[in-house]
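Descriptive analysis of the structure
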Amino acid sequence: MRGCVMSCTPTSLFQDRGQHGVCTGCWDLLAGDGYSTLVTPRPQLACAAFIIANEPSEVITLELSDISIDRGTEDFIKLPPHSRSRYSPHTLLQKTLNMSLPLRAQLLLFLISLSSKMGISRYIEDSESSEELDSLFGVDQKIKEDFIYRRPLRCLDMLATDGAFTFVASQPQLACAAFIIAEPTQVISVELSDVNIDCSAGDFIKMFDGWVLKGEKFPNSQDHQLPLHQRYTDYCSNPATGATSRSSQNVAMVFFRIHSPGSAFTLVVKKIHNPFPCNVMSQRPEGSFTMVLPHQRRNCSFSIIYPVEIKLTELSLGQAKSNELLPQRQVWSGCSGSGDYVELLGGNGIDTSKMFPVADLCFSLRGLAQMKVGCDNSVVRLVSSGNYINRVSFQYRLLGRNELPKNRENSLENFCSLE
């Protein structure tokens, strides 16, 4: 668990996709490229950072900068003997086989609780990695069930793992939010416990089914099955029923305001399998996904908060007439009138109704159709009339700066660009 109190500034959700910076703890595990900053407000006499590469074929380079320690008081930082570590990324994992079971389980907890690379924390990219690590570490299901990951909750925080997150106010905090994200095939259960706030003094805790960012909501009102007022769960309005909430998609959010120091509460976050995921916010800049709507009249969006190249590999719609991918402005009227279609959107926010339509398809497709969307947010949106079983499969990968679409490329306007 994190043993240090950190003083670092969280980065923006729509930040530059280069080197990622995070605040590191006294005991921490780091995965992926980036820089980590440790600030110790009190003595820390036994700290360590475990570092693992994303791929088995990678080695790790470490570099220290902005060092402020007192060697005269026996402060020290020790690195591997070479500036470029010659250790395999599996060296750390192999050595854990000889550790005691509690220590192995604690390190497993670090690995499976890594969160997204969205400026505040990290994640492990392979969605099956937790099962592989279970076998490697020899941790059985009973031990996993006994473990509850716990850490303090920050005023502005990102949560991407099951666990209990406790907020204790050291001063008035009037505008706080916790963004919660799960895997695409999961929904989120949020439960409040040990709540000690004063609702009569203006304190509140509100849970939201989705995300709110820069005044925009995901999913928007057109794509969500509940009216907006039913997507909020207010603890202060009814503590008995307002202590739990369950999301309709893989993202949820908690707003809270605390006036008095010492006030506290705990969020207990659990992930639940969703057999028909709809309205997904992707944690990763690369991957593949399939959306299926079995006779449901609704809209589903897969949102990728990166500029990406999207490759449609399969599209099965109820009214299949052609297999040609055409620019959006030429087929928009026909597709919107068909009731069953897929559209590609691009924009710099999260509300799909405010994004630019790049192209749409209202016909079945087998084979490869691809397009680059040079926006902060790229979306594949499936619109279904409910009369058919509609299905779309696609792959996506992060665009490099030299790959961003030029004006008029593929006969489409380049609506977005990175600053």
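Everything discussed here concerns the structure shown above.
These notes cover the structure that comes with them. (Residues numbered from 1 in each chain as written. Predicted model: local features only at pLDDT ≥ 70, side-chain atom pairs only at ≥ 80, totals over all residues. Heavy atoms only, no water.)

**Remarks on the sheet that holds strand 21 (residues 341–347)**
The sheet built from five strands is open, its strands ordered 17-19-24-21-22 with mixed pairing. The sheet terminates laterally at strand 17 (280–282) and strand 22 (356–361), the two strands that pair on one side only. On average, each strand axis in the sheet is tilted by 15° relative to the strand beside it, whichever way the strands run. Sheet topology places strand 19 (residues 299–304) next to strand 24 (residues 377–383); six bridges connect them, and they run antiparallel. Bridge assignment links S303 to a residue of strand 24, and that residue is V379. (Pairing = 2+ DSSP bridges. Helix = DSSP H or I, 4+ residues; strand = E, 2+ residues; numbered from the N terminus. Axes fitted to C-alpha atoms, helices over the stretch in contact; angles between N-to-C directions.)

**Side note on the pattern of salt bridges**
Pairing is possible between side chains that carry opposite charge, provided their charged atoms lie close to one another. Under the criterion given, the structure shown has seven salt bridges. Here D157 and R151 are joined by a salt bridge, their closest N and O atoms 2.9 Å apart. Here D157 and R151 have matching classes, each one buried. E343 is the salt-bridge partner of R381, the closest N and O atoms lying 2.5 Å from each other. Linking R381 in strand 24 with E343 in strand 21, this pair joins segments that are 38 residues apart in sequence. (Salt bridge = Lys/Arg side-chain N within 4 Å of Asp/Glu carboxyl O. Buried < 20%, exposed > 50% of the residue type's maximum accessible area, 1.4 Å probe, protein only.)

**Considering the packing of aromatic side chains**
One pass over the structure, following the stated rule, counts eleven aromatic pairs. Between Y149 and F165 the ring centres are 6.0 Å apart and the planes differ by 75°, which places this aromatic pair in the edge-to-face class. Taken together, the residues span a long stretch of sequence, with Y149 in the loop between helix 4 (141–146) and strand 5 (150–152) and F165 in strand 7 (residues 163–168) at a distance of 16 residues. As far as burial versus exposure is concerned, Y149 and F165 are alike and both buried. Site record: aromatic cluster; members linked through ring pairs are F289, F302, F394 and Y396. Directly above the aromatic system of F204 lies the positively charged group of K206, at a separation of 5.3 Å from the ring centroid. (Phe/Tyr/Trp six-rings, centres within 6.5 Å; stacked < 30°, edge-to-face > 60°. Lys NZ or Arg CZ within 6 Å of the ring centre and 35° of its normal.)

**With respect to the state of the cysteines**
In the structure shown here, the tally under the stated rule is three disulfides. Put simply, C199 and C236 are joined by a disulfide, and their sulfur atoms are 2.0 Å apart. Sign of the S-S torsion, about -75° for the bond between C199 and C236, identifies this disulfide as left-handed. With C199 in the loop between strand 9 (186–196) and strand 10 (204–208) and C236 in the loop between strand 13 (232–234) and strand 14 (244–246), the pair connects residues that are 37 residues apart, well separated along the chain. Classification of C199 by relative accessible area gives partly exposed; the value is 31%. (Disulfide = S-S within 2.5 Å.)

**What about the environment of S378?**
Here S378 shows up in strand 24. Here the alpha-carbon distance between S378 and Y396, two residues 18 residues apart in the chain, equals 9.7 Å. Among the polar contacts listed, one links the side chain of S378 to the backbone oxygen of Y306, at a separation of 3.0 Å. (Polar contact = N/O pair within 3.5 Å; in protein donor to acceptor, adjacent residues only side chain to side chain.)

**Concerning the environment of Y232**
When you line up the elements, Y232 lands in strand 13. Residue Y232 is classed as partly exposed on the basis of its relative accessible area, which comes to 35%.

**A word on the sheet that holds strand 10**
Whenever strands of a sheet pair, they do so through backbone hydrogen bonds, lying parallel or antiparallel. Here five strands make up an open sheet; going across it, the order is 6-8-15-10-13 and the pairing mixed. Both outer strands of the open sheet, strand 6 (156–159) and strand 13, are each paired with one neighbouring strand and no more. Within this sheet the neighbouring strands show an average axis-to-axis angle of 15°, counted without direction. In the sheet, strand 10 pairs with strand 15 (residues 251–258) via five bridges, with the strands oriented antiparallel. Bridging across to strand 15, I205 finds its partner in F256.

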